[in-house]
Amino acid sequence: VIYYVMLVAEVCKYTPQYAGNFIDSLLSVEAVARKRNVEIKLLFLFPMSAQNLDWVSKLAVTHKVFFVPSGRIQENMFISKICRQEKVDVAHVHFYGMISSFLVGWFTHTKVINHFHNIQEDFSPMRKIANSFFCLSSKKLIGCSKEVMRTMIQANMPKRKCTYVTNCIDF
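So, how was this worked out
- Residues numbered from 1 in each chain as written.
- Predicted model: local features only at pLDDT ≥ 70, side-chain atom pairs only at ≥ 80, totals over all residues.
- Heavy atoms only, no water.
- Helix = DSSP H or I, 4+ residues; strand = E, 2+ residues; numbered from the N terminus.
- Expected span 1.5 Å × (residues − 1).
- Buried < 20%, exposed > 50% of the residue type's maximum accessible area, 1.4 Å probe, protein only.
- Contact = heavy atoms within 4.5 Å.
- Polar contact = N/O pair within 3.5 Å; in protein donor to acceptor, adjacent residues only side chain to side chain.
- Pairing = 2+ DSSP bridges.
- Axes fitted to C-alpha atoms, helices over the stretch in contact; angles between N-to-C directions.

Our next topic: helix α3 (residues 72-86). In this model, α3 (15 residues) spans 21 Å end to end at C-alpha, consistent with the 21 Å of a helix rising 1.5 Å per residue. Within the sequence span of α3, burial applies to Glu75, Asn76, Phe78, Ile79, Ser80, Ile82, Cys83 and Glu86. Elements in contact with the buried residues of α3: β1 (5-12), β2 (39-47), β3 (65-68), β4 (90-94) and α4 (102-107). Lys87 sits one or two positions beyond α3 and adopts a positive phi of about 60°.

Here is the structure:
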């Protein structure tokens, strides 16, 4: 018996012609959770430029889909608005970076998880200060490999918040 549905917003700055394995892997979370008697419901936030993509239209048949305006402040405000409006439990952020979603963790009840798909390369003092500030409201910082996580820590993201989940392609 399921008593609670966790609502997860997949916040993805992702606009290729095909959904690919990335979207399939996000959708698989619902099925895997259901097998474990946990109900997770996903909603998706994509950039405005994703509005006319066929795979996004198909996704919108089964899931709520929202389109995020561009600009760091606009992104933060819109994502925060949707998280409040939809009562989102977790915002799982991909490709936007912490600067586009840091206000969400401060101004909503939503827990923010930032997922990093690439190594960090800027280790300048200013960037390290910015990283330590912008990740304050994030609950977790996930790298897609141990090496990505290592560079996140090197870039001054708090080690206690950093972890990794190895990326792979599901054939």
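Let's shift gears to the side chain of His115. Mapping His115 onto the fold places it in strand β5 (residues 111-116). Its relative accessible area of 12% is what places His115 among the buried residues. Within the structure, His115 has its side chain in polar contact with the side chain of His92 (distance 2.9 Å). If we skip the residues at most four places from it in the chain, His115 touches His92, Val93, His94, Phe95, Ile142 and Cys144.

The seven strands lie next to each other as β3-β2-β1-β4-β5-β6-β7, forming an open sheet whose pairing is parallel. The two strands at the open ends of the sheet, each matched to only one other strand, are β3 and β7 (162-164). Mean inter-strand twist for the sheet, computed between neighbouring axes without regard to direction, equals 25°. Inspection of the sheet shows β1 paired to β2 by seven bridges, in the parallel sense. Each residue of the ladder has a partner; that of Glu10, found in β2, is Phe44. Against the sheet, helix α6 (residues 146-154) makes contact with β5, β6 (138-143) and β7, and its axis sits at roughly 165° relative to β7, the strand it touches most.

Don't take any of this as a statement about function, it's just geometry.
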